[in-house]
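Structural overview
Residues per chain are reported as follows:
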Amino acid sequence: MAEENPPLKHFLTCSVCTEIVKDPVSLGCHHSFCSSCLKDFWGQAENKNCPVCKRKSSKDLVVNFSIKELADSYAGRQRSGPSDEAQVVCTEHLKDIKWFCKDEQRAVCHVCEFPHHQGHTVVPLEEQVQELKQQLRPDLTALQARRRRHQELEETYEAMVPHLKEQRVKTERRIRAEFEQLHRFLREEEEARVKALGEEEEQKRKRILLERKTLQEQIRSLSESLSAVEADLQKDGLSFLSASTRSLTSTRALLSGSDPQLLPGALLDEAKHLGNLAHRVCEKMGQRTTFSPVILDPNTASGSLSLSDDLTRVRQSDVTQKVPNNPERFTMYSNVLGSEGFSSGEHCWEVKVGDLPTWRIGVAKESVDRKGECTASPAKGIWCLSNDSGKYNQGTGQTLTLKRTPERIRVQLDHDGGKVSFYDPEDMTLIYTHQDTFTEHMFPYFSVGSAGEARTKALRVCGVSSRTKPCKLM
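The residue count restarts for each chain, going from 1 along the sequence in the order it is written. Local features in a predicted model are, by the rule used here, given only for residues with pLDDT of at least 70; side-chain atom pairs are given and counted only at 80 or more, and totals for whole chains, interfaces and linings are based on all residues. Based on all heavy atoms of the structure, the side-chain values leave hydrogens and waters out of the count.

1. Comments concerning the sheet that holds strand β17 (residues 442-448)
Going by this rule: Two strands are counted as paired when DSSP detects at least two bridges linking them. Strands here are runs of E lasting at least two residues and helices are runs of H or I lasting at least four, both read from the DSSP assignment and numbered beginning at the N terminus.
Reading across the sheet, the 6 strands line up as β8-β17-β10-β11-β12-β13 and stay open at both edges, with antiparallel pairing between neighbours. Because the sheet does not close on itself, it has two edges, and the strands there are β8 (335-337) and β13 (399-400). As paired strands, strand β12 (residues 391-393) and β13 are joined by 2 bridges and run antiparallel to one another. By the bridge assignment for β13, Tyr392 is matched with Leu400.

2. A short note on the pairing of strand β15 (residues 419-424)
Definition in use: Note on classification: 1.4 Å probe, protein chains only; a residue is buried when its accessible area is under 20% of the maximum for its type, exposed when over 50%, partly exposed between these limits.
Most of β15 is tucked away: 5 of the 6 residues are buried. Looking at chain direction, strand β14 (residues 408-414) and β15 are connected through 5 bridges and run antiparallel. In the strand pairing of β15, Val411 is matched with Phe422. Here β14 hands over to β15 after 4 residues, with Gly418 in that stretch at a positive phi of 70 degrees. Pairing of β15 with strand β16 (residues 429-435) involves 6 bridges; the strand directions are antiparallel. Counted as the bridge partner of Phe422 is Tyr432 from β16. Counted along the chain from β15 to the antiparallel partner β16, the turn is 4 residues long, and its residue Met428 has a positive phi close to 55 degrees.

3. Regarding the sheet that holds β15
Just so we agree on the cut-off: Axis definition: a line fitted to C-alpha atoms, over the contacting stretch in the case of helices. Angles run 0 to 180 degrees between N-to-C directions.
The 7 strands lie next to each other as β6-β7-β18-β9-β14-β15-β16, forming an open sheet whose pairing is antiparallel. With partners counted over all chains shown, the strands left at the sheet margins are β6 (305-307) and β16, one partner each. For this sheet, the mean inter-axis angle between neighbouring strands, taken without regard to orientation, is 20 degrees. Here 3 bridges tie β6 to strand β7 (residues 313-316), and the two strands are oriented antiparallel to one another. Each residue of the ladder has a partner; that of Ser306, found in β7, is Arg315.

4. Looking at the packing of helix α5 (residues 125-233) against helix α6 (residues 237-255)
Rules: Angular relationships are summarised with four words: roughly parallel below 35 degrees, roughly antiparallel beyond 145, roughly perpendicular across 65 to 115, and oblique for the angles in between. Left-handed describes a crossing in which the near helix is turned anticlockwise from the far one by less than a right angle; the clockwise case is right-handed. Contact definition: two residues touch when any of their heavy atoms are within 4.5 Å. Any residue that is not Ala, Val, Leu, Ile, Met, Phe, Trp, Tyr, Cys, Pro, Asp, Glu, Lys or Arg is counted as polar, Gly included; the first ten are nonpolar and the last four charged.
The N-to-C vectors of α5 and α6 enclose an angle of 155 degrees; their axes lie 10 Å apart at closest approach. With respect to α6, the element α5 is oriented roughly antiparallel. Pair α5 / α6 crosses with left-handed handedness. Of the residues in α6, those in contact with Ser221, Leu222, Ser225, Val229, Asp232 and Leu233 of α5 are Phe240, Ala243, Arg246, Ser247, Thr251 and Leu254. Partitioned by chemical class, the residues of the contact of α5 with α6 number 6 nonpolar, 4 polar and 2 charged.

5. Section: the environment of Arg360
Heads up, the rule is: Counting of polar contacts relies on pairs of N or O atoms within 3.5 Å, with two restrictions inside protein: one atom must be capable of donating a hydrogen and the other of accepting it, and residues adjacent in sequence are counted only when both atoms are side-chain atoms.
Structurally, Arg360 can be placed in strand β10 (residues 358-365). On the basis of relative accessible area, Arg360 is assigned to the partly exposed category, the value being 24%. It is 4.9 Å that separates the C-alpha atoms of Arg360 and Ser447, two residues lying 87 residues apart in sequence. Setting aside residues no more than four positions away along its own chain, Arg360 makes contact with Asn335, Ala376, Cys384, Leu385, Ser386, Tyr445, Phe446 and Ser447. A polar atom in the side chain of Arg360 sits 3.3 Å from the side chain of Tyr445.

6. Thoughts on the nonpolar core
What counts here: In this description, a nonpolar core means a group of buried Ala, Val, Leu, Ile, Met, Phe, Trp, Tyr and Cys residues linked to one another through side-chain atoms lying within 4.5 Å.
Counting 32 residues, the largest nonpolar core has Trp349, Trp359, Ile361, Ile409, Val420, Phe446 and Leu459 as the members making the most contacts within it. Every element with two or more residues in this core is listed here: β9 (346-352), β10, β11 (382-388), β14, β15, β16, β17 and β18 (459-462). Listed in part, the 16 residues of the second largest apolar core include Val21, Leu27, Leu38 and Tyr74.

7. Side note on unusual backbone geometry
Even without being a glycine, Asn276 presents a positive backbone phi close to 50 degrees. Topologically, Asn276 is positioned in the loop between α7 (270-274) and α8 (277-288). The residue Leu311 is not glycine, and still its phi comes out positive at about 60 degrees. Classification of Leu311 as partly exposed rests on a relative accessible area of 24%.

8. Thoughts on the packing of aromatic side chains
Filter applied, for reference: Here is the rule: rings of Phe, Tyr and Trp (six-membered ring for Trp) pair when centre to centre is within 6.5 Å. Planes less than 30 degrees apart are stacked, more than 60 are edge-to-face, and the remainder are tilted.
Counted according to the given criterion, the structure contains 3 aromatic pairs. Considering the side-chain rings of Phe342 and Trp349, the 6.2 Å spacing of their centres and the 35 degrees angle between planes classify their relative orientation as tilted.

Shown next as structure tokens:
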């Protein structure tokens, strides 16, 4: 047979073992080899180049069943596994099998059919084959769809690995930057307090030296008077009498003054410098830092959005971000959620919207659809206030009339009471209140469009304005 068709034999010959291929695998260059021969060749060569054309291969080795069937047929080899072909000869009657008994679920010949299968449902074999193929095709389609889903998930996981590294690098850089600021503040605070300590020491040292100099002058004056009195006491007669009046006058003048006293507060006030030092430093540090009641979750942010390093601002990105399609992420709309959800209590935060022309802010339930069509409405699990170039609505198409254009919006969530309210914090004017029943975790919700020519480029989460009525915070 090989001599009758030399080109076919050449096509089916493994270039490594020069035999008809067994379990053939085909490379991208279309050369085929025995699977075991190619693996051995690669192991010896320590590369994955084609043994014929030397082209580098990156494909996984998968048996080419089309060539395998042709090679097995050409070489007369029997398949090691069960045959996919139907039995063509009845082993009992040695007749061609052309029928199928549905009752016994087996193929039969025309002799088997009579009389052994009287009363059974017997159909032509080809008819049964076509019926079974029709039954199998939907399963094949379902398997193909399932494989695609698995492949999509595998691709997503593949994309997550470098993204994880990017997240770690970016987050580590931000952590180090934040701590460097804290370290700088602590170093500056340390220097300032050490400097204040030194200044107090210098001030009190000068004061002590001044008091000491005054005392030294007073001691000198007293010593001179003492010497004069002692000299007068050595005199006698008229000489003493004439000197005594002067001595008495000068002595009593010196004694009439009060005794010197040590100045209070001459020593360093250690308690002032050391008392509650760490607490006072932390308190001062707190005055220099800002607190945001809501932190944005970058794992939920659409690829069309860009978040600030401190995760308090969001804007439309100039380019689409390359981010994994993880379950938490919005993919069809420019949405992002807060990082913390609420299942009870009252919570509020403010959002600086400035003159951004398009935005939506509010809350969304945890199970909100993040991949498909999802309008920003309570029916879809989003309770929000929407602005589209100065036209405000509450998510169901109802237009709202505002007496002024607010630059900040306060969102107030009463989970237990089933309320989400929106205020203009400038004068606490109520804009709108959604009334509903909340059965899930509710997350702060944000959506932002292009800034265009607006001065404000991003939505920014803020704490509650101190000049307005406070609300209960998280």
